[in-house]
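Analysis of the macromolecular model
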Amino acid sequence: RMPDQSLVIYGDEQHPPYNRVRLSSWLAGEVDWDELTQPLDPDHAGQVEQRFGYRILDVDRDAGTVTDSRGRIQPYGRLVLATGSKPFVPQIPGIDLQGVFTFRDLNDVNSLMARRARSHRTVVIGGGLLGLEAARGMQRANTQVTVLEHADRLLGRQLDEDASALLQEQVEALGIDVVIGDGVALISGEGRVSGVRLRSGRELPCDTLIVAAGIRPNISLARAARLAYGRGIQVDDAMRTSDPRIYAVGECAEHRGQVYGLVAPGLEQAAVAASDIAGQPGRYTGSVAASRLKVVGTQVFSMGPMGAGEDPLYGRTFVYRDEADAVYRKILVRRHRLVGTIGVGEWPETVRLQTTIGRSEMIW
């Protein structure tokens, strides 16, 4: 928006920017380093200073400065917080044992790649997207992998019971064990994890435990700066926080009570913030959450108020099944408009569906 504007970008990881969504593919060995990293467009890099490995420790709103972990004080005219989220680690007895990993950033994945060659039994806590992708990546070295999900289905936020059951069949067909409706009560081991005890009393031996139990917005910096926050850093329709010189975008931001854990809303928010900073006011009105994923090799698409939170009285549903090709499709229609959809298996029309829902077009 302002190609001559000088920018300073801080990242507390030592690595250059990378596509976090593709970390599971990096773990599985499906992409190389060049495909994972996301360098800045060289046409816009001239006015940008990138400081990687520098954690911001303090925001002084009165002085208009930030202080980093090397003690450098950097003034700002506008400040954008894109601090993302951190993994949620449940307080389970034994969670601090060696052999317990999270699956969130590049350091986590590199540690898991090193561990994978020595692991014989891996247990993954969490049957969401991250958990399933971690399970797929750890399976490469013929490791026995078990996924634990305390809810009643895999990908509960995206899928209904029938779609989840079909996905579970395909996950299990790959040799990954799935335990539904049970959680971890205790992690056992002397210094290093040796197994887990489930709430049902069942014991599962393991030498590696991966926690992929969800994320929490990373708001500690904003909280210390006394910015308004709830689950995330609260922002208005221009992505401004309670301090008009400070913006927040992505997984750390809370807009109209909603925190989005997906890439597309973060990019939409960033575009609005950039416009506002450049004096071209934009307005963010929220996003319709859309997930287009490849889960353990299976195409999964979900958009709108679907999954475990679906209201059966909200609209009419229509379902298509093709058991021979392992395809399940479901649409939700309200007042002659497509408002939600679920798909497991190949579905060439997903872009059309997303456009129809996004534009609130009438259908018949």
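Now for a description of the structure that goes with this document. Along every chain, residues carry numbers that run from 1 in the direction the sequence is written. Two thresholds apply to this predicted model, a pLDDT of at least 70 for residue-level local features and 80 or more for giving and counting side-chain atom pairs, whereas whole-chain, interface and lining totals are computed over all residues. Neither water nor hydrogens contribute to the side-chain values; these are computed over all heavy atoms in the structure.

As for the overall build of the chain
Only DSSP runs of H or I reaching four residues or more are called helices, and only runs of E reaching two or more are called strands; each is numbered from the N terminus. On a plain count of helices and strands, the chain comes out with eight helices and 24 strands. Along the longest, intermediate and shortest principal axes, the C-alpha atoms of the chain span 60 × 60 × 35 Å. Relative to its 364 residues, the chain shows a buried fraction of 45%. Put simply, of all contacts in the chain between residues at least 6 apart along the chain, 57% involve residues at least 24 apart. Accessible area of the chain: about 19,100 Å², with a carbon and sulfur share of 48%. For the chain, the distance from the average position of its 42 positive side-chain charges to the average position of its 45 negative side-chain charges is 3 Å. In this scheme, a residue with accessible area under 20% of its type's maximum is buried, one over 50% is exposed, and one in between is partly exposed, where area comes from a 1.4 Å probe on protein chains only. Contact between two residues is taken to exist if any of their heavy atoms lie within 4.5 Å; hydrogens are not considered. Shrake-Rupley sampling with a 1.4 Å probe provides the accessible areas, and residues are treated as covered by the protein chains on show and by no other component. Here Asp and Glu are counted as negative and Lys and Arg as positive; His is not counted, and neither are the chain ends. Think of each charge as sitting on NZ of Lys, CZ of Arg, CG of Asp or CD of Glu.

Observations concerning the pattern of salt bridges
Here a salt bridge means any side-chain nitrogen of Lys or Arg lying within 4 Å of a carboxyl oxygen belonging to Asp or Glu. What the rule picks out here adds up to 20 salt bridges. The partner of Arg283 in a salt bridge is Asp237, and the shortest N-O contact between them spans 3.2 Å. In this pair, Arg283 sits in the loop between α7 (263-277) and β20 (290-295) while Asp237 sits in the loop between β17 (233-235) and β18 (246-248), placing the two residues 46 residues apart along the sequence. By sharing partners, the salt bridges in this structure join Glu30, Glu133 and Arg136 into a single network.

Quick word on the sheet that holds strand β12 (residues 184-188)
Backbone hydrogen bonds hold the strands of a sheet together, and the pairing may be parallel or antiparallel. Two strands are said to pair when DSSP picks up at least two bridges between them. The three strands lie next to each other as β12-β13-β14, forming an open sheet whose pairing is antiparallel. One side of each edge strand has no neighbouring strand; the edge strands of this open sheet are β12 and β14 (203-205). Direction aside, the axes of adjacent strands within the sheet are offset by 20° on average. Here four bridges tie β12 to strand β13 (residues 195-198), and the two strands are oriented antiparallel to one another. If you follow Val184 over to β13, its bridge partner there is Leu198. Axes here refer to lines fitted to C-alpha atoms; in helices the fit is confined to the stretch in contact. Angles between the N-to-C directions go from 0 to 180 degrees.

Some remarks on helix α5 (residues 161-173)
An expected span of 1.5 Å times one less than the residue number is assigned to each helix. In this model, α5 (13 residues) spans 18 Å end to end at C-alpha, consistent with the 18 Å of a helix rising 1.5 Å per residue. The complete set of buried residues in α5 reads Ala163, Ser164, Leu166, Leu167, Gln168, Gln170 and Val171. Along its buried surface, α5 packs onto α4 (129-138), β11 (177-180), β20, β21 (298-303), β23 (327-334) and β24 (337-344).

Describing the side chain of Arg116
On the secondary structure map, Arg116 appears in helix α3 (residues 106-116). Glu30 provides the closest opposite charge to the buried, unpaired Arg116, separated from it by 9.5 Å.

Comments concerning unusual backbone geometry
In this structure, Leu155 is a non-glycine residue whose phi angle is positive, near 45°. Among the structural elements, Leu155 can be located in the loop between β10 (144-149) and α5. If you check the backbone angles, Arg335 has positive phi at about 50° while not being a glycine. When you line up the elements, Arg335 lands in the loop between β23 and β24. On the basis of relative accessible area, Arg335 is assigned to the exposed category, the value being 65%.

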